[in-house]
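Chain by chain, the residues:
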Amino acid sequence: MSGSKGFNCAAAVRGLILWVLIANIMLVLYCLTATSPVIIRPTQEEMCRLSIEQTSPNVLTEISNSEQKCSPKVNIMFMKTHKTASSTILNILFRFGEKHQLKFALPDRRNDFCYPQPFLCSQVKDYRPGECFNIVCNHMRFNYEEVTKLLPSDAVYVTILRDPVDLFESAFHYYHRTVPFTWRIRGENKLTEFLNNPKAFYSPEAFNSFYLKNLLFFDFGLDNNLEVNDPRVMEGIRYLSKRFQLVLIAEYFEESLILLKDLLCWSMEDILYFKLNARRTSSVSRLDPEMRAKALQWNWADWKLYEHFNVTFWERVEAYGRQRMEQEVNELRRRNAEMSANCIEGGNAVEAQKIKDTHFQPWQPIGEKSIMGYNLRKDIDPKSSTICEKMLTPEIQYLSELGVNLWVTRLWGWLKDYIL
Ligand SMILES: *[C@@H]1O[C@H](CO)[C@@H](O)[C@H](O)[C@H]1NC(C)=O
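Keep in mind that this is a model prediction, so the values were computed, not measured. One numbering rule holds for all chains: residues counted from 1, following each sequence as written. Residues qualify for local features only when their pLDDT is at least 70, as the model is predicted, and side-chain atom pairs are given and counted only at 80 or more; totals for whole chains, interfaces and linings, by contrast, use all residues.

1. Describing the overall build of the protein chain
Numbering of helices and strands runs from the N terminus, with a helix taken as a DSSP run of H or I at least four residues long and a strand as a DSSP run of E at least two residues long. Helix and strand counts for the protein chain stand at 16 helices and five strands. Within the protein chain, buried positions represent 33% of all 420 residues. Placing a C-beta atom from the backbone of each residue, one calls two residues in contact when those atoms lie within 7 Å. A fraction of 72% describes how many contacts in the protein chain between residues 6 or more apart in sequence connect residues 24 or more apart. Burial in this document is a count-based property: other C-beta atoms within 10 Å of a residue's C-beta are tallied, and the residue is buried at 20 or more, exposed at 12 or fewer, or partly exposed in between, with C-beta positions derived from the backbone.

In structure tokens:
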């Protein structure tokens, strides 16, 4: 009795295993056939929206009412550099793209394109060869040949730079805990200790070391370890000046946005912003002139890069018209102030601990909470509530809303906040 029962049981288990196997094979077959559809794929030009008029006729009227006659550009590569106010630009691009239903090339499972690996199309979420996108704007290590495969040929390439000394200070503060060689630096002020003798700590091969030497050069896919007076620095700069139609300067952020608006034929409304991802001023260490000079020498390639594009930037402002620029900047400030009053509780940024809604909580560096954020006004006018929310949404949350499943980033965030 018990023997035959045992036999039945074994047979049942074998049967079950067989069924599970068959079901799995069916599933695999189904997936294989489902991912190789026989649909005739449209050409790149057909798949990509080349202008806004095709779907939103009202945009064109709005623009032609103003002095300019052009149609808004929708194909954009924004090379997002680190620690340069680029998160604020990202928010502007996200809003514009959402409003006009443009197609973003988004990263997959995380908020960057596998940085610090050089960019590859295969890192784009749902990428298939020939697929066309309107906007690429997340962190990457720039790789021009790969980026061109994603965008229509009329795409506008834009980026932003910041004074390399301030950028270095900011990167040091933000990333030093993720760069192991800094763990050996003793003393109260690690930054000064490092700058007094960088060679004692730094090696190009050390893990994550690129965060602490010529980070801009690195982001652009160039060699960040070129030393002072290396001719390859100028070569790199010439290369970039051929690729990018506009290089913004973080120190002149409002002027930068006006030039951007002009180049893209956008409206003032499109470039309104709240400063996102800014650091509490008390956590910023001011470098004295001696330390500044050392930081400059150490980041010489970035310095030359910045110097070059600062000059071209002001040439652009000159061409645009100084007075016209001043008027536009004033108008931008006025409208931003209006938005702050409408949207932000208290009208100003607050420390992370004081942000009530996690939706508006910005991402923080390991081991501290120095990045500020905002609270949405409670008694907000329903007409402005959507735009206010979008303008205040930090990068990570916005990416989730755009459909990126950020589990790698979230897992890292959780480890960072609760374990490290
Ligand atoms: C950038 O250009 C402006 C205008 O010419 C100048 O005042 C400023 O000193 C420049 N900055 C650097 C760091 O070269």
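2. Section: the sheet that holds strand S4 (residues 156-161)
Pairing in this open sheet of five strands is parallel, and the strands run S2-S3-S1-S4-S5 from one edge to the other. The sheet is open, and its two borders are formed by strand S2 (104-105) and strand S5 (246-249), each paired with just one other strand. Axis geometry follows a simple rule: fit a line to the C-alpha atoms, using only the stretch in contact for helices, then measure angles between N-to-C directions, giving values from 0 to 180 degrees. Of the strands in this sheet, S4 and S5 are in contact with helix H10 (residues 253-264), which crosses S5 at around 160°. Whether two strands pair comes down to DSSP finding at least two bridges between them.

3. With respect to the environment of phenylalanine 309
As for its position among the elements, phenylalanine 309 is in helix H12 (residues 300-320). With residues near it in sequence (within four places) discarded, phenylalanine 309 still touches Leu161, Val247 and Ile249.

4. Some points on the packing of helix H6 (residues 164-175) against helix H11 (residues 289-298)
Interhelical geometry of H6 versus H11 gives an angle of 90° and a closest axis separation of 9 Å. By the angle between their axes, H6 is roughly perpendicular relative to H11. Each of Pro164, Val165 and Phe168 in H6 lies in contact with H11, whose residues at this interface are Arg292, Ala295 and Leu296. Each residue belonging to the contact of H6 with H11 can be placed in one class, and the counts come to five nonpolar, no polar and one charged. Every angle not falling under 35 degrees, over 145, or within 65 to 115 is termed oblique; those three ranges are roughly parallel, roughly antiparallel and roughly perpendicular. All amino acids are sorted into three groups, where Ala, Val, Leu, Ile, Met, Phe, Trp, Tyr, Cys and Pro are nonpolar, Asp, Glu, Lys and Arg are charged, and the leftover types, Gly among them, are polar.

5. Some words on the pairing of strand S1 (residues 76-79)
In the case of a regular strand, side chains alternate between the two sheet surfaces. Burial along S1 is two-sided: the residues Ile76 and Phe78 and Met77 and Met79 are all buried. Note that S1 and S4 share four bridges and pair parallel. Bridging across to S4, methionine 79 finds its partner in threonine 159.

6. A closer look at the confidence of the model for the protein chain
Per-residue confidence for the protein chain gives a mean pLDDT of 86; residues scoring 70 or more make up 83%. Across residues 1-6, where pLDDT falls below 50, the model places zero contacts with residues more than four positions away in sequence or in other chains. Low pLDDT, under 50, characterises residues 30-41; the stretch is placed with one contact to residues that sit more than four places away or in other chains. Confidence scores here are pLDDT values: one per residue, from the predictor, ranging 0 to 100.

7. Focus: the nonpolar core
Defined on buried residues, the nonpolar core groups Ala, Val, Leu, Ile, Met, Phe, Trp, Tyr and Cys residues joined through C-beta atoms within 7 Å. Residues Met77, Leu93, Val136 and Leu161 are the most contacted members of the largest nonpolar core, which totals 78 residues. Excluding residues within four positions of it along the chain, valine 136 makes contact with Met77, Ala105, Val147, Leu150 and Leu151. The next biggest cluster of nonpolar side chains, apart from the first, holds nine residues, and it includes Cys343, Ile344, Tyr374 and Cys388.

8. Quick word on unusual backbone geometry
Cis peptide bonds are those with omega within 30 degrees of zero, and the linkage from tyrosine 115 to proline 116 qualifies with 5°. Relative to the helices and strands, proline 116 is located in the loop between S2 and strand S3 (135-136). Phi is positive for asparagine 277, which is not a glycine, with a value near 65°.

9. Overview of the environment of valine 408
When you line up the elements, valine 408 lands in helix H16 (residues 407-418). Note: C-alpha distance between valine 408 and arginine 110 (298 residues apart in sequence) is 5.4 Å. Valine 408 has contacts with Arg109 and Arg110, leaving out every residue within four places of it along the chain.

10. Some details on the packing of H12 against helix H13 (residues 322-343)
At their nearest, the axes of H12 and H13 sit 6 Å apart, and the two run at 95° to each other. With respect to H13, the axis of H12 lies roughly perpendicular. Only Arg322, Arg324 and Met325 of H13 make contact with H12, whose side of the interface consists of Val317, Glu318 and Tyr320. When its residues are assigned to classes, the contact of H12 with H13 shows three nonpolar, no polar and three charged.

11. Some thoughts on H11
Looking only at H11, the buried set comprises Lys294, Ala295 and Trp298. Within H11, the buried residues cover an arc of 100° as seen down the axis, which keeps them to one side. Looking at the buried side of H11, the elements it contacts are H6 and helix H7 (190-196). When we speak of the arc, we mean the arc of directions from the helix axis to the C-beta atoms.

12. Here's the deal with H16
A helix is expected to span 1.5 Å for every residue after the first. Taking 1.5 Å per residue, 12 residues should reach 16 Å; H16 reaches 16 Å between its end C-alpha atoms and fits that length. The buried fraction of H16 amounts to zero of the 12 residues, a small share that puts the element mostly on the outside.

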